[in-house]
Amino acid sequence: SESFSGRGQGDALDAGLHGTAASLAQRVEALEAAVGAACLRDGDDEDEDEEEYFTCAEDDAEGFESGPPSHGSGAPAPPSRGLVALSRDKWRSPDASIFLVRDEQYLNPSAGGHKQPSASALFDLVALDLLKTDPDALARTGASGIAPPPENVARCPDAYLLSPHGQRRLRSCPMVFILNIMVPGPTYTCLVTYWACPKGSSWEAALRQHREATDGEIESVRMLLEGDDEYPDTRFKLAPIVEKGPWAVRAAVGGKPCLLGTKVRVPIHRSPTRISDPGGVSGSIPPYVEVDVDVGSSTVARHVVGLAHGASKMLTVHLGVSSEPKVPEELPERILACVTLDSVDMAQPSLVNWPLVS
């Protein structure tokens, strides 16, 4: 009797579980159908997407690949236009308020020089390239066959600006800001971050309308876009924050912002107007300013970046860029652009064509 009763209860339990599983399967199918329909709607609405500002929308994940592409044999594929080496989940736009900047009274001797959280960044994060150069091709452009640092990546046919995705996203952008960190090694590795000004008739009008930029903040951007050769030494400031990583890296990097031009060589490349069909490559380059950081120009910088390079997959790092105010009219300070790098594998860049298009 007990055995029969137990079998009956077991049969009832099996039937109940089967019914529950069937119900869950139906719900999953319905959910997948709804998600699929939503994806189709999103994919068909490119014009609406183009009206958004250049924030890091999830649709930017299209076309982004992690690591060097292959062509079936396991070997890296030949370089092709528009490679983007870094997966979208490895970088994002942080809240600019994590960076402390000079307040309105910072230059007032009686106020004591206080800092405050920054307002939102003026430029929007668009994309990030992780590229490596062909040392043989690059060496042919340098004196005595020595490969120079790969500057002015904006004109590289394989970098983001000339990629199909970059052409679509930036076709009406009034200004792009690029930070190219050039890390030496057997071949140079370039960590290249792209930020864009919101859409508008000009970068100044766009920042005033969409970022409520003050006269002082407009002047700080103008210095970045039009400054002289002394700008990197006296104004261009990089603030690193290592949120997660080995103690040795956190200790070496520190947390204080620095004027980069006083530590390493920082050449700047500017194009105030759009360049159409550069070097015969179909497409155009929007107005841009590119700041190149030559890590190899300083022994100390090579050591610090070398530590971070080796531990890159364990690091979460926030980088903020600003123009250091020198007079009260330029205060309060504000972050121009920022990015978060999360567990980036610096050993997996994409090989790109070099030299650059003219």
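Let me sum up the structure you'll find in this document.

A few words now on unusual backbone geometry. Of the consecutive residues Leu-331 and Pro-332, the connecting peptide bond is found in the cis state with omega at -5°. In this structure, Pro-332 sits in the loop between strand S13 (316-323) and strand S14 (337-342). Non-glycine residue Ser-343 carries a positive phi angle of around 55°. Along the chain, Ser-343 falls in the loop between S14 and strand S15 (350-352).

Attention now moves to a negative patch on the surface. Together, Asp-228, Asp-229, Glu-230 and Asp-233 give the surface a local cluster of negative charge. Locating Glu-230 in the fold gives a position in the loop between helix H6 (215-226) and helix H7 (231-234). The exposure class assigned to Glu-230 is partly exposed, which follows from its relative accessible area of 46%.

Bringing the sheet that holds S14 into the picture now. The sheet built from five strands is open, its strands ordered S1-S14-S13-S7-S8 with antiparallel pairing. For this open sheet the edge positions go to strand S1 (91-92) and strand S8 (258-259), each flanked by a neighbour on one side alone. As defined by bridge partners, strand S7 (residues 236-244) adjoins S13 across eight bridges and the pair is classed as antiparallel. Across the sheet, the residue bridging to Pro-240 is Leu-319, located in S13.

The next point concerns the pattern of salt bridges. Counted according to the given criterion, the structure contains 14 salt bridges. The shortest N-O distance in the salt bridge between Arg-211 and Asp-124 comes to 2.6 Å. Within this pair, whereas Arg-211 is found in the loop between helix H5 (203-210) and H6, its partner Asp-124 is found in strand S4 (residues 124-133), the two being separated by 87 residues in sequence. Each member of the pair, Arg-211 as well as Asp-124, carries the same accessibility label: buried. Between Glu-324 and Lys-237 there is a salt bridge whose closest N-O contact spans 3.5 Å.

Our next topic: the side chain of Glu-151. By the secondary structure assignment, Glu-151 is in the loop between helix H3 (135-139) and helix H4 (164-169). Side chain to side chain, Glu-151 and Arg-265 meet in a polar contact 2.7 Å long.

Bringing the nonpolar core into the picture now. Counting residues in each nonpolar core, the largest one holds 49 residues, and the members touching the most others are Phe-123, Phe-177 and Phe-236. Counting residues per element, this core draws most heavily on H6, at five residues. Once you skip the residues sitting within four places of it in the chain, Phe-123 turns out to touch Met-175, Phe-177, Trp-195, Ala-196, Cys-197, Val-221, Leu-336 and Ala-337. In this structure, Ala-154, Cys-156, Val-192 and Ile-285 belong to the second largest nonpolar core, which totals 23 residues.

By the secondary structure assignment, Gln-105 is in the loop between strand S2 (100-102) and strand S3 (115-117). Along the chain, Gln-105 and Lys-115 lie 10 residues apart, while their C-alpha atoms are 9.1 Å from each other.

Moving on, we get to the packing of H5 against H6. At a minimum axis distance of 11 Å, the contact between H5 and H6 shows a crossing angle of 145°. Between H5 and H6 lies a crossing whose hand is right-handed. Residues Trp-203, Glu-204, Leu-207 and Arg-208 of H5 form the contact with H6, whose participating residues are Asp-215, Ile-218, Val-221, Arg-222 and Leu-225.

Rules and cut-offs
Residues numbered from 1 in each chain as written. Predicted model: local features only at pLDDT ≥ 70, side-chain atom pairs only at ≥ 80, totals over all residues. Heavy atoms only, no water. Helix = DSSP H or I, 4+ residues; strand = E, 2+ residues; numbered from the N terminus. Patch = residues over 30% accessible without salt bridge, like charges linked within 9 Å, V, L, I, M, F, W, Y side chains within 5 Å. Areas by Shrake-Rupley, 256 points an atom, 1.4 Å probe, with all protein chains shown as cover. Salt bridge = Lys/Arg side-chain N within 4 Å of Asp/Glu carboxyl O. Lys, Arg positive; Asp, Glu negative; His and termini not counted. Charge placed at Lys NZ, Arg CZ, Asp CG, Glu CD. Buried < 20%, exposed > 50% of the residue type's maximum accessible area, 1.4 Å probe, protein only. Pairing = 2+ DSSP bridges. Polar contact = N/O pair within 3.5 Å; in protein donor to acceptor, adjacent residues only side chain to side chain. Core = buried A, V, L, I, M, F, W, Y, C linked by side-chain atoms within 4.5 Å. Contact = heavy atoms within 4.5 Å. Axes fitted to C-alpha atoms, helices over the stretch in contact; angles between N-to-C directions. Left-handed = near helix turned anticlockwise from the far one by under 90°.

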